[in-house]
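Notes for the structure review
Residue strings, one per chain:
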Amino acid sequence: VQLQASGGGLVQAGGSLRLSCTASGRTFSNYAMGWFRQAPGKERDFVAAISRGGGTTEYANSVKGRFTISRDNAKNTVYLQMNSLKPEDTAVYYCAARWQLLLQRSRDVDYWGQGTQVTVSS
């Protein structure tokens, strides 16, 4: 699976961004999808995940109530809607795919996208 993420940018605190990640190469609906992020000097952390059909989602506590993950299997795309952004959300955001099972840990990931930078100014 090849994953192409987009939608990052610079936004003021309190603003919103929507990230997209489009997959190619394999049957998208066979993969659970997720988003991770990595700030400078820090480990790559789980942000959100969604099951193959979209019926189950999970979020890191730090983003619950502010971020929403969704997917459109007809478009082979997973989204991350980010609202009420904070400076501490600044990071490179990576989309990720796992065969069949919901993912929450970096070691569960089968495929990574290339990352998109999100910068939130105070």
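Notes on the structure in this doc start here. (Residues numbered from 1 in each chain as written. Predicted model: local features only at pLDDT ≥ 70, side-chain atom pairs only at ≥ 80, totals over all residues. Heavy atoms only, no water.)

1. What to know about the pattern of salt bridges
Operational definition: By convention in these notes, a salt bridge is any Lys or Arg side-chain nitrogen within 4 Å of a carboxyl oxygen on Asp or Glu. A helix here means a DSSP run of H or I that spans at least four residues, while a strand means a run of E at least two residues long, and both kinds are numbered starting from the N terminus. Burial classification: accessible surface area is computed with a 1.4 Å probe over protein chains only, and a residue below 20% of its type maximum counts as buried, one above 50% as exposed, and the rest as partly exposed.
Scanning the model with the defined rule gives four salt bridges in all. Between Asp108 and Arg98 there is a salt bridge, and its shortest N-O distance comes to 3.9 Å. Here Asp108 is found in the loop between β9 (91-99) and β10 (111-112), whereas its partner Arg98 is found in strand β9, with ten residues between them in sequence. Notably, a salt bridge pairs Arg105 with Asp108, separated by 3.1 Å at the nearest N-O pair. Relative accessible area serves as the criterion here: at 10%, Asp108 is assigned to the buried category. In the salt-bridge network here, residues are joined through shared partners; they are Arg37, Arg66 and Asp89.

2. A short note on unusual backbone geometry
Phi at Asn76 takes a positive value of approximately 55 degrees, unusual for a residue other than glycine. For Asn76, a relative accessible area of 26% gives the class partly exposed. Notably, Ser84 is not glycine yet its phi reads approximately 50 degrees, a positive angle. Mapped onto the secondary structure, Ser84 falls in the loop between β8 (77-82) and β9. Accessibility expressed as a relative area gives 41% for Ser84, which makes it partly exposed.

3. Considerations on the pairing of strand β1 (residues 2-6)
For the record, the criterion: Any two strands with at least two DSSP-identified bridges between them are counted as paired.
Burial of the side chains of β1 is restricted to one face: Leu3 and Ala5 are buried, whereas none of Gln2, Gln4 and Ser6 on the reverse face is. Pairing of β1 with strand β3 (residues 17-24), which is carried by five bridges, proceeds in the antiparallel orientation. Its bridge partner being in β3, Leu3 is matched across the sheet by Ala23.

It is worth stressing that arrangement in space is one thing and function is another; only the former is reported here.
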